Structure formats: structure tokens, C-alpha cells
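# Architecture and fold: a report
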Amino acid sequence: MTERSGQAGDATGGPAPTTPVCYRHPDRETYVRCTRCNRPICPECMRDASVGHQCPECVSEGRRSVRPARTAFGGGAAGRQGYVTKTLIALNVLVMILSIASARSGSAVAGGGLGGLMGNSTPLTDWGAVLGLARFSDGTIGGVAEGEWYRLVTAMFLHYGVVHLLLNMWALWVLGRTLEAVLGPLRFLALYLIAGLGGNVAVYLFSAPNSPAVGASTAIFGLFAAIFVIMRRLGRDTSAIVPILVINLIFTFTVPGISVAGHLGGLVVGALMALVLAYAPRMRRTAFQSAGGAILLVALLGLVLVRTAALTG
């Protein structure tokens, strides 16, 4: 313990008691001690604790020894802030702006600069849409079957017009924040991307090879399925979810121009991924969830290879 010496002697001739000084600031007297290590600390070094005060070193050591908070499914508590949801929305909006800009600079798009706004295709959507196999106006052949696998990912960030974008982003804002808070950022992002990929693979498998498709709705339908599975796993009421899902399915089958394969594919793959996340054994949860996601990805890859062989064989 660091102490300051008192006057040599007192009225009785014995040594005078010493006054404790802060262990970090020897020039400051104090009678307050750290409740953890019992060292004297001055007001500048005091850190509020559940009982009394602690010194900075004990506070730092305590933080290292405390496990970070986790959600019911093993995710980080940072998901409550919705950072991934907000980032995904920002990314989709940014890509929409780039799509509109590409329409303004592309002479082949009907409507000029309004192409991206009003729902027409743009050079960017032509480049990134899910497309099995097609011959373009310049005589070249392209599509996923020709090795353009990036289309299976880029398509979930592209939209035909602002209305298409706004509808999907509203759904992502409503569903995403809830699921991200429950699953954590990384698990939610994995769910979103795998569901979106699953929907785009379904488009590749079951749609006409020369029929392009874009939109985040493949991932959004996966979120619809996931929130139903997650809420059931938590024992919460799902009565409000089912009617919304049914309405969206009715729109899927009745409104022209909507990719039925994409919506249903995202729904099925999103449900499967949600089952993996929700029902993983607690003791080996992260390993089980990672393995389940990897199995889904390998299965989707296998389906893509089979379809490619059928189109090019």
C-alpha cells in the first residue's frame, strides 16, 4: 500500500499515523479504497461499482473476464442496433441510384433516364439479373450457364424501379430489425444471403433460361419464413405473421411479372436456414449452425451445376 509519512513523533513521543495516498497519484490523499484490490484511489481514479468503487485496473480486468451477452440463438447483442439491416437497405438504395445512373448513360434503354425510375430494365439490371442462358443484341451469349455465377448474388440487390425497391425495403426494415435482434448480426446476415441465394437458384432452375429476374424479395420471403420459425421456437404468438405471409403468396401467384420460383425458393431455403439456427443444440450451437449453413450452400451449388449441365450439355 502506498502511504505518505507523517510528522516524526507526536505528543506522546510515538510515530504519527500516516495518511493513505492514491496508488496512481501519490500526491493525493484519500481514504477511499478499491472494493476489489483494496488499494487507495482518489476521485479521479474511482469507477462506480455495484458496491463502492473500483480502480481502473480492476474494472478493465473485470471486463475481460465477463462473457459478452448473447441472444437465445448464440448471436451477439449488437443485433439490437440493427446495423446489418440498415446496411443492407443502404446498399440496395445505392445500387438503385447506380442503376438509374446507368439508364441515363445507356442509349439502349427505353425511356432514357426514367428507365430505372419507372421499372424498365437498365444496363446494370441487364448485367446483374438472374439469367440462365440468352443471346444478347450484340450477338454474345451470356447467363449463369456461361459462367456468370455472380448473377445469383447481384440479382438480390437490384430492382426494376423505385416502387419495387420501396416495397422490398419496407419489408426488410420491418422483418430485419426483429430477426437481427433475435439472431445477432452475423447469423441474420447469413440467413439473408442464403435465403436470397436460394431464391435466385430456384429462378435459375425453374424459370425460362432467357427470362431475367431481380429483386431482394427472394431474401425477403426467406425472412418471412424465418420469423415464423423463430417465433414458434421462442413460444411467441405467430397469428399476425400468417395472414401477411398468405397475402404475399397470393400476390406472388396472381400479379403478372412476379417470379414465383424466386419467392418460393427464398421461402423454402429461408425456412431451412431458420430451422438450423433455431434448433441447433446448445452445447455445440455455433458448429452446428455453421455446418448447416455450409450444407445448404453446397446443396445449392450442386443444383446450379446440374442445371448448367442441362443447359449446356
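- The name that an unreviewed UniProt entry assigns to the protein is Membrane associated serine protease, rhomboid family, with the source organism given as Micromonospora chersina.
- Under the Subcellular location (unreviewed entry) heading, UniProt states for the protein: "Membrane".

### What about the pattern of salt bridges?
- For the coordinates displayed, the defined rule picks out 2 salt bridges.
- Across the salt bridge formed by Glu-44 and Arg-28, the nearest N and O atoms sit 2.6 Å from each other. With a gap of 16 residues between them, Glu-44 in the loop between strand E2 (19-20) and strand E3 (47-48) and Arg-28 in the loop between E2 and E3 connect regions that are remote in the sequence.
- According to the relative accessible area criterion, Glu-44 is partly exposed, its value standing at 47%.
- Residue classification places Arg-28 among the partly exposed positions, given a relative accessible area of 31%.
- Two residues, Glu-148 and Arg-151, come together in a salt bridge whose shortest N-O distance is 2.7 Å.
- Residue Arg-151 is classed as buried on the basis of its relative accessible area, which comes to 2%.

### Things to note about the packing of helix H10 (residues 260-278) against helix H11 (residues 285-312)
- Between H10 and H11, the shortest axis-to-axis distance is 8 Å and the interhelical angle comes to 160°. Classified by the angle between their axes, H10 and H11 sit roughly antiparallel to one another. For the pair H10 and H11, the crossing hand works out as right-handed. When H10 is examined against H11, the residues Val-269, Leu-272, Met-273, Val-276 and Leu-277 are found in contact with a partner set consisting of Phe-288, Gln-289, Gly-292, Gly-293, Leu-296 and Leu-300.
- Of the residues contributing to the contact of H10 with H11, the split by class is 8 nonpolar, 3 polar and no charged.

### Focus on the UniProt feature "transmembrane region" (unreviewed entry) in the protein
- Following the UniProt record, one finds the feature "transmembrane region" (unreviewed entry) at residues 89-114, 157-176, 188-207, 213-231, 238-255, 261-280 and 292-310.
- Segment residues 157-176 splits into 75% helix and 0% strand. End C-alpha atoms: 15 Å apart.
- Taken end to end, residues 292-310 is 100% helix and 0% strand, and its two terminal C-alpha atoms sit 27 Å from one another.

### Brief notes about the environment of Leu-193
- With respect to the secondary-structure elements, Leu-193 resides in helix H7 (residues 185-206).
- Between the C-alpha atoms of Leu-193 and Met-156, which are 37 residues apart in sequence, the distance is 8.6 Å.
- Not counting residues up to four positions away in its chain, the partners in contact with Leu-193 are Met-156 and Phe-157.

### Notes on helix H8 (residues 217-233)
- Between the first and last C-alpha of H8 there are 24 Å, a value that for 17 residues agrees with the 24 Å anticipated at 1.5 Å per step.
- Most of H8 sits out of view: 14 of its 17 residues are buried.
- A positive backbone phi angle near 75° is found at Gly-235, which sits one or two residues after H8.

Cut-offs and rules
- Residues numbered from 1 in each chain as written.
- Predicted model: local features only at pLDDT ≥ 70, side-chain atom pairs only at ≥ 80, totals over all residues.
- Heavy atoms only, no water.
- UniProt positions renumbered as here; feature names shortened; annotations may be inferred.
- Salt bridge = Lys/Arg side-chain N within 4 Å of Asp/Glu carboxyl O.
- Helix = DSSP H or I, 4+ residues; strand = E, 2+ residues; numbered from the N terminus.
- Buried < 20%, exposed > 50% of the residue type's maximum accessible area, 1.4 Å probe, protein only.
- Axes fitted to C-alpha atoms, helices over the stretch in contact; angles between N-to-C directions.
- Parallel < 35°, antiparallel > 145°, perpendicular 65-115°, else oblique.
- Left-handed = near helix turned anticlockwise from the far one by under 90°.
- Contact = heavy atoms within 4.5 Å.
- Nonpolar A, V, L, I, M, F, W, Y, C, P; charged D, E, K, R; others polar.
- Expected span 1.5 Å × (residues − 1).

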